[in-house]
Amino acid sequence: MRSAKGMYDTQRAHDAQQVNRSLYLLFEDITYSVRKGILTKERTKLLSDLNGDFRPGELTAIMGLSGSGKSTLMDILAGFTTTSVSGRIMVNGRQRNMSEFRKLSAYIMQDDKLQPLLTVQEAMLIAADLKLGLDHYEKLQKIDEILVAMSLDESRYTLTGELSGGQRKRLAIALELINNPPVMFFDEPTSGLDSVTSKQCLALLKQLAQEGRTIICTIHQPSATLFNMLDHLYVIADGNCVYTGSTYNLVPYLSSIGLHCPTHYYPVDFLMEICNGDYGPHVSKLVESIENGRCDIWRSKKDFHLKSNDIINLEQLGPKRLYSYEIEFKHTPYYTANSWRQFCILVKRNAIKLFRNKVLTLSRISMHFAIALIIGILYFRIGQDAAFVLDNFNLSYFNIMFLMYSAFSPTMLMFPLELPIIVREHFNRWYKLRSYYLANKLTDFLLQLIITSIYSIIVYYMSDQINESRRLGLYMLMCFLVSLVAQTAGLIVGSGLKVQNSAIFGPFTMMFFIMFSGFFVHAKDVHPYLNWLFHLSFLKYAFEGVLIAIYGYDRAKLKCSADYCHFAIPEKFLIEFDMKHVNYWHNMTVLILFSITLDIVAYIILNIRIKKHT
């Protein structure tokens, strides 16, 4: 991997300030607890009065067994977890202001979820558009510098979904380096990588630290090669700190309390076995010896080269730093791009994804086209024959059901896959949630309009409904509105549940609307106490609206191809099914209100889901 040194040639004039802009992160008595269950107030402590400090110029690794609390501590320090946390977190000697700190930090999560249908260059350019206030040429120049430094230059026109694991890790880092944050958090950066790629990844993080950043990562159990690359080690066991110091001081530290690492034995394995209790209950002794992270005597005392010509003693940095990050960033907006610009950039990204995702887009279009042809053949030329009024009644209901499920299911299943990307990008201040939501709605709105129109027009004419442009327009509008409401309902389910749960429980959420749609049971036939339930079903309003578009508005008597046609007069049909006094525009208004209400609910659920992580 090429060196990241000199990554920002355009900023060399500001190198003299780099040390001053470095951030010293200190935490004291960090405690975090969670409830044991939903119905109990008892809480379980995951972290207990942890202390420590992470410094610029050092590659710091938080280590521990599975379930020890290392990822929890990382989330708290990054600001990813903020509730049920007590203790103090200081930045350069001042109490951390979360809003200001978020402007300075970036969190690269373990699941390097990226937009698979964007090229590396496109992903970088969108990140630059959202995070930088430079002109287009300056953005391209910065992107070129970062891609070269990350060894991604030759892959700039490769789709991110086709990148290797190591390349995806480097791209995830490159996307956050766009605005050059002084603090970067990495959750398990080497997970899923082979030994060579893991070494390259850690070497990159070390180089980023040597440029003056505070680099903090969690790592499960590194190899000896990776272990020796670390500058600072912070080990957690059962929510307590059992070691904080340099890697080469680990063995002397253990020996100082009577735990002698066998010759030629890997120190990390020995420490993890101690934490696991293989040699007896020594964890409390370790916690007491290191004072739960307060003891600083095992820290590295060497100086770090933060720049090519400057050496700084990190013991003198911390609270004595002259440059205040609060002053620099106090008047900096939380988001670089305004809401309108965010919306436009995200619409552009969605359009690229839509046109590039030929399988999903074309399959949805072709599916609607194919089903329309099949239904058109099955119900061929029945629309104006009074002998087939009941068949037309069934056809209308099938159309509503098909459009409802074809809009509901893809959104319900696809959105949970997008959620990790939203969490990462929103947490790292790419955009406001409402900008993303509106851009996503606009893209889906246009696609849904196209496929609904294709289906409605084909079925309408093949089934030989009355050839009046007004009725066709009303018919298509009602079909489109029901698909829009169903799509938003799918978004609610997808936002609130995981993919597997959505697939199981999602269809059941539609059963209520189906039962009270007026097709299987008519409102006039049920007990008066249950009648109000029909007014909660959006399918009822859509179904009535479609039938009014076809048979309402004083439609003339139908022709009859049989000896007797009971519903030759359309008004008689509407009276029979209790739709005589249905007002099309009232139903349309109700559906619009349904759509708006469900959109608000979907946004609130999405916001709650995101805030759980941010």
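Anything mentioned here points back to the structure above.
The structure displayed is predicted, hence computed values, not measured ones.

Draft legend 1. How the structure looks around the overall build of the chain. For the chain, the count of helices and strands is 20 helices and 12 strands. Each of the three principal axes of the chain carries a C-alpha extent, and together these read 105 × 60 × 45 Å. Considering only contacts within the chain whose residues lie at least 6 apart along the sequence, 78% involve residues at least 24 apart. Total accessible area computed for the chain in this model is approximately 27100 Å², and 59% of it derives from carbon and sulfur atoms. The chain carries 62 positive and 54 negative side-chain charges, and their two centres are separated by 3 Å.

Draft legend 2. Looking closely at the state of the cysteines. The tally for this structure, following the rule as stated, stands at one disulfide. Across the disulfide, Cys 560 is cross-linked to Cys 565 (sulfur-sulfur distance 1.7 Å). Judged by the torsion about the S-S bond (80 degrees), the Cys 560/Cys 565 disulfide is right-handed. With a relative accessible area of 34%, Cys 560 lands in the partly exposed category. Take Cys 217: it sits in no disulfide, and the sulfur closest to it among the cysteines is that of Cys 201, at 8.4 Å. Between Cys 295, a cysteine without a disulfide, and Cys 241, which holds the nearest cysteine sulfur, the sulfur-to-sulfur distance is 9.4 Å.

Draft legend 3. Representation of the sheet that holds strand S10 (residues 240–245). Judged by pairing direction, the sheet is mixed, and its six strands sit side by side in the order S6-S7-S8-S3-S9-S10 without closing on themselves. With one partner strand each, in any of the chains shown, strand S6 (105–108) and S10 form the two edges of the open sheet. For this sheet, the mean inter-axis angle between neighbouring strands, taken without regard to orientation, is 15 degrees. Sheet topology note: the strand S3 (residues 59–64)/strand S8 (residues 214–219) ladder contains five bridges and is parallel. Paired with Ile 62 across the strands is Thr 218, a residue of S8.

How each quantity is defined
- Residues numbered from 1 in each chain as written.
- Predicted model: local features only at pLDDT ≥ 70, side-chain atom pairs only at ≥ 80, totals over all residues.
- Heavy atoms only, no water.
- Helix = DSSP H or I, 4+ residues; strand = E, 2+ residues; numbered from the N terminus.
- Contact = heavy atoms within 4.5 Å.
- Areas by Shrake-Rupley, 256 points an atom, 1.4 Å probe, with all protein chains shown as cover.
- Lys, Arg positive; Asp, Glu negative; His and termini not counted.
- Charge placed at Lys NZ, Arg CZ, Asp CG, Glu CD.
- Disulfide = S-S within 2.5 Å.
- Buried < 20%, exposed > 50% of the residue type's maximum accessible area, 1.4 Å probe, protein only.
- Pairing = 2+ DSSP bridges.
- Axes fitted to C-alpha atoms, helices over the stretch in contact; angles between N-to-C directions.

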